[in-house]
Amino acid sequence: MKRRVVILGATGSIGESAMRVARALPERIEIVGLSGRNNTGRLLELACEFPKAAVCAGDEAAANQLSHDLGRPVLHCEEGLLTLAALPEADLVLMAIVGTTGLKPALHALENEKDLAVASKEILVMAGELVMATAAKMGVRVLPVDSEHNAIFQCLEGQDPSTVKRLILTCSGGPFRKAGAADLASVTPEQALRHPTWSMGRKISVDSATLFNKGLEMIEAKWLFGMPMEQVDVIVHPQSIVHSMVEFLDGSILAQLGSTDMALPIQYALTYPERLTSPCAPLDLTALGKLEFEVPRTDLFPALDLARRAGTAGGTLPAVLNASNEAAVDAFLAGRLSFPGIWESVARAMDEVPFVEHPTLDQLIEADTAARKCL
Ligand code: NDP
Ligand code: MG
């Protein structure tokens, strides 16, 4: 079966990996929509490569320029993202916009009966209950792209959910796995952006260094798989080869392994439930030699405990954690905040922003806005 796919955030790291998958499987994946924001040069190249795709740029001036260069209309801003999310010719929307900008387009895609492949974990942290409920109401799928969740999704196939004891998310430990508290105080953006195993966008690279990425993923797992937080665990695995695991009541643990290439989970989400030949390098376990596992250092990296607290409390707290983290990462990358300042600022926002137990979408957006101001 051929899937007609819209890629929101096509000019980013996930977008580029998705293009590799689409190029390798032209008979199975047709790109019908593309969006980018600042990188208009790359958006132009992609729009030329996929001449039938509808295109959305970050602002009106960029859209006018692109439209002139391409000789076809180009959409822009949130209106444009919403139009792409609901394109009549699309079957599936891949959400790969960093942060929570993609929330409304994601909900709009689901409301228009599109399957949603989610890379943007922030939207599930902010509004996972609403996203999953909308998908259930519309009878469409939410397919995990994040490598850990894609792994768990694969391990759960054909299993009775009531036999699951816990989900075990693996975590590389980031570039400061072996650091001391004193080292963390002076971490620079350049050091934080140097991820040991994955090549990714800037925000998620910093999140991986603070372990907020894993914290966000714990909450993401809760919503994607309908699991209480106490059944979501994290284990450090520096090689990033075991992408995650599921432990069952009988003590069996199923794991999914693969090379560190996002094309693999992206392809599985875009072609689900089929397994097809992929552009990823095969995994040679004998060349690797060993796989290691360690307990995460929650004393040094408070992100995991903060995320567990937010995920357990629910309501607006995950939205506050996510938004304050986004603002803090921006400030850190701009040189306005220290590395430990990221989790200090998240902890403060979680204490200060008023808590709503059963928030509406508007209340989630209000909590998000308030949290960003706590910096
Ligand atoms: P990048 O920063 O590489 O790419 C982000 C994409 O979103 C770009 O296309 C960018 O456009 C676009 N974008 C950014 N801000 C806006 C905005 N306000 N409005 C519209 N478009 C916007 O990020 P990644 O690809 O690394 O990550 C994307 C998402 O996937 C994140 O949520 C991340 O957590 C998640 N993820 C990423 C993984 C990875 O390996 N990279 C792994 C697992 C999850 P432009 O560049 O043109 O400005
Ligand atoms: Mg991940």
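Now for a description of the structure that goes with this document. (Residues numbered from 1 in each chain as written. Chains lettered and ligands numbered in written order. Predicted model: local features only at pLDDT ≥ 70, side-chain atom pairs only at ≥ 80, totals over all residues. Heavy atoms only, no water.)

## Re the pattern of salt bridges
The condition that has to hold: Note on definitions: salt bridges are taken to be side-chain nitrogens of Lys or Arg within 4 Å of carboxyl oxygens of Asp or Glu. Helix numbering and strand numbering both begin at the N terminus, where a helix is a DSSP run of H or I of at least 4 residues and a strand a DSSP run of E of at least 2. Throughout this description, buried means an accessible area under 20% of the type-specific maximum (1.4 Å probe, protein chains only), exposed means over 50%, and partly exposed covers the range between.
Across all of its chains, the model carries 22 salt bridges by this definition. Between K121 and D146 there is a salt bridge; the shortest N-O distance is 2.8 Å. Taken together, the residues K121 in helix 6 (residues 121–138) and D146 in the loop between strand 7 (142–144) and helix 7 (147–156) connect sequence positions 25 residues apart. Since its relative accessible area comes to 7%, D146 is described here as buried. Between R308 and D233 there is a salt bridge; the shortest N-O distance is 3.6 Å. A residue pair is termed long-range when its members are at least 10 positions apart, and R308 in helix 14 (residues 303–313) and D233 in strand 9 (residues 232–236) qualify at 75 residues. A relative accessible area of 26% places R308 in the partly exposed class.

## Quick word on the nonpolar core
As a reminder, the rule being used: For the purposes of this section, nonpolar cores are sets of buried Ala, Val, Leu, Ile, Met, Phe, Trp, Tyr and Cys residues that join through side-chain atoms within 4.5 Å. Whether two residues are in contact is decided by their heavy atoms, any of which lying within 4.5 Å being enough.
Counting 125 residues, the largest nonpolar core has L321 and F339 as the members making the most contacts within it. Every residue in contact with L321, bar those within four places of it in the chain, is listed here: F212, L216, I219, L306, A307, A310, V346 and M350.

## Points about the layout of surface pockets
The condition is simple: Definitions used throughout: a 1 Å grid over protein atoms alone; a cavity as a set of points that fits a 1.4 Å probe which cannot get out; a pocket as an open set with protein on both sides within 12 Å along at least five of seven lines; a lining residue as one with an atom within 4 Å of a point. Grid points are joined across faces, edges and corners, and a volume is the space filled by probe spheres set on the points.
The computed volume of the second largest pocket comes to approximately 260 Å³. Lining the second largest pocket are 18 residues, and of these E129, W223, G315, E357 and P359 lie nearest its centre. Going through the elements one at a time, helix 6, helix 11 (212–225) and helix 17 (361–373) are the ones with two or more residues in the lining of the second largest pocket. With 6 residues, the single largest contributor to the lining of the second largest pocket is helix 6.

## Details of unusual backbone geometry
Here the residue pair Y272 and P273 is connected by a cis peptide bond, since its omega of 5 degrees sits within 30 degrees of zero. The phi angle at E113 is positive, at roughly 60 degrees, despite the residue not being glycine. Position of E113 among the secondary structure elements: in the loop between helix 5 (103–111) and strand 6 (115–118).

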